[in-house]
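Summary of structural features
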Amino acid sequence: MMAPTAFLLDGKAISEGVLAQVAEGARALAKRGVKPGLAVVLVGQDPASQAYVASKGRAALACGFHSAQHTLPADTREADLLALIARLNADPAIHGVLVQLPLPGALSAARVIEAIAPQKDVDGLHPVNAGLLATGAIARATVPCTPAGAMVMIDKACEALGLTLDGLEAVVLGRSNLVGKPIAQLLLSRNCTVTIAHSRTPDIAAVARRGDVLIAAVGRAEMVRGDWIKPGAIVIDVGINRIPAPEKGEGKTRLVGDVAFAEAALRAGAITPVPGGVGKMTVAMLMANTLAAAQRAAG
Ligand code: GUN
């Protein structure tokens, strides 16, 4: 096969730059006697969630934060989870509260997210933060971590390709509150013409091909094929899908994105890999949001 021609957006390198700035900000706060504190709540034993939560805790410590993990059983009653959130809301050592999603069983993600104090909602999922983003008050909003990280990568791609976002066509595949909707708002705020396509969109490939910027956030392994890519497009792959990898041995698995990388890289102008792409940025932007929450609390 031909070598990929696209500019590779290296999540590891870009996230390390963000994390270095966050650590510097934390050192400046420490001189004023303030240590940013992040509490991460994990309910149940989903292996992927366990891995994500562990990497968030490690990153917090590496940034010089106070890090607390609360692990609750899958059969936790909603009232008990809400009581924990109320305690974290009231704890002056905690500036950021994150409840890892998805939640097991009958727990309501909406009720749980709405219980987090908006100023401690470092996930940016509380309706107050979503509303600030949707009304264009981005400076006062906490922006969800994955969309915020994707925007950093899009800016890097524009720099590398000599493009400006203003007026470009952006196509977002997926309409989740976590990624699709907030990233569409961010692209709109940067004057892109934004289309959100989803599982009920007819001929989604033709819609995707309009995108100068294409965001794949559907959670389906390698759904986006090479011929879905407009030549020269910036392709941001938000998917993290575990698929069988018999070539690595029986029962082995590997991670792939929502984009068929090898095919897409032949047409894209810039592209994120999976792993080592947007996922790394999500954790870095969570640290940036936590630092910002601590800075605001410190006045
Ligand atoms: N599950 C997958 N991504 C995320 C995220 O960004 N935040 C939370 N809370 N849960 C997630």
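The paragraphs below set out a description of the structure included in this document. Since this is a predicted model, take the numbers as computed values, not measurements.

The next subject is the sheet that holds strand 3 (residues 66-72). Pairing is parallel in the open sheet, where 3 strands are placed in the order 3-2-4. The sheet is open, and its two borders are formed by strand 3 and strand 4 (96-99), each paired with just one other strand. On average, each strand axis in the sheet is tilted by 15° relative to the strand beside it, whichever way the strands run. Note that strand 2 (residues 37-43) and strand 4 share 4 bridges and pair parallel. The residue of strand 4 that forms the bridge with Val-40 is Leu-98.

Between helix 6 (residues 145-161) and helix 10 (residues 278-298), whose axes approach to 7 Å, the crossing angle comes to 110°. One way to sum up the angle between helix 6 and helix 10 is to call them roughly perpendicular. Pair helix 6 / helix 10 crosses with right-handed handedness. Of the residues in helix 10, those touching helix 6 at Cys-145, Thr-146, Ala-148, Gly-149, Val-152 and Met-153 are Val-278, Met-281, Thr-282, Met-285, Leu-286 and Asn-289.

For the rest of this paragraph, the subject is the site of the ligand. Around the ligand, a shell composed of Leu-98, Val-99, Gln-100, Leu-101, Asp-123 and Leu-178 is seen. Val-99 places a polar main-chain atom, nitrogen or oxygen, 2.8 Å from a nitrogen atom of the ligand. A distance of 3.2 Å separates a nitrogen atom of the ligand from a polar atom in the side chain of Gln-100. Split by residue class, the shell around the ligand holds 4 nonpolar, 1 polar and 1 charged.

Counting 57 residues, the largest nonpolar core has Ile-154, Leu-187, Ile-215, Ile-236 and Met-287 as its most contacted members. It is helix 10 that contributes the most residues to this core, 10 residues altogether. Ignoring anything within four residues of it in the chain, the contact list for Ile-236 reads Leu-9, Ala-150, Met-153, Ile-154, Leu-214, Ile-215, Ala-216, Thr-272 and Val-278. Counting residues in hydrophobic clusters, the runner-up holds 21 residues, among them Ala-205, Ala-264, Ala-265 and Ala-268.

Attention now moves to the pattern of salt bridges. Counted under the stated rule, the structure contains 8 salt bridges. A salt bridge links Arg-210 to Glu-169; its shortest N-O distance comes to 3.8 Å. Taken together, the residues span a long stretch of sequence, with Arg-210 in the loop between helix 8 (204-208) and strand 7 (213-216) and Glu-169 in strand 5 (residues 169-173) at a distance of 41 residues. By relative accessible area, Arg-210 is classed as partly exposed at 39%. A salt bridge links Asp-212 to Lys-230, with the shortest nitrogen-to-oxygen separation between them at 2.7 Å. With Asp-212 in the loop between helix 8 and strand 7 and Lys-230 in the loop between strand 7 and strand 8 (234-237), this pair connects stretches of sequence that are 18 residues apart. Residue classification places Asp-212 among the buried residues on the basis of a relative accessible area of 18%. Here Lys-230 falls in the partly exposed class, since its relative accessible area comes to 32%.

If you trace the 6 strands from one edge of the open sheet to the other, you get 1-11-8-7-5-6, paired in parallel fashion. Among the strands making up the open sheet, the edge pair consists of strand 1 (7-8) and strand 6 (193-197).

Another point: helix 5 (residues 127-134). Among all positions of helix 5, only Asn-129, Leu-132 and Leu-133 are buried. Buried residues of helix 5, seen end-on, are gathered within an arc of 100° and therefore sit on one face of the element. Those residues of helix 5 that are buried lie in contact with helix 7 (180-189). Of the residues flanking the end of helix 5, it is Gly-136, one or two places downstream, whose phi is positive at about 90°.

A few words on the pairing of strand 6. Across 5 bridges, strand 5 lies against strand 6 in parallel orientation. Considered in strand 6, the bridge of Ala-170 is made with Val-194. You can see the chain leave strand 5, run along helix 7 and come back into strand 6, and the turn it takes is right-handed.

What counts, and where the lines are drawn
- Residues numbered from 1 in each chain as written.
- Predicted model: local features only at pLDDT ≥ 70, side-chain atom pairs only at ≥ 80, totals over all residues.
- Heavy atoms only, no water.
- Pairing = 2+ DSSP bridges.
- Helix = DSSP H or I, 4+ residues; strand = E, 2+ residues; numbered from the N terminus.
- Axes fitted to C-alpha atoms, helices over the stretch in contact; angles between N-to-C directions.
- Parallel < 35°, antiparallel > 145°, perpendicular 65-115°, else oblique.
- Left-handed = near helix turned anticlockwise from the far one by under 90°.
- Contact = heavy atoms within 4.5 Å.
- Near = heavy atom within 4 Å.
- Polar contact = N/O pair within 3.5 Å; in protein donor to acceptor, adjacent residues only side chain to side chain.
- Nonpolar A, V, L, I, M, F, W, Y, C, P; charged D, E, K, R; others polar.
- Core = buried A, V, L, I, M, F, W, Y, C linked by side-chain atoms within 4.5 Å.
- Buried < 20%, exposed > 50% of the residue type's maximum accessible area, 1.4 Å probe, protein only.
- Salt bridge = Lys/Arg side-chain N within 4 Å of Asp/Glu carboxyl O.
- Arc of directions from axis to C-beta.
- Right-handed = clockwise from strand over helix to strand, strands pointing away.

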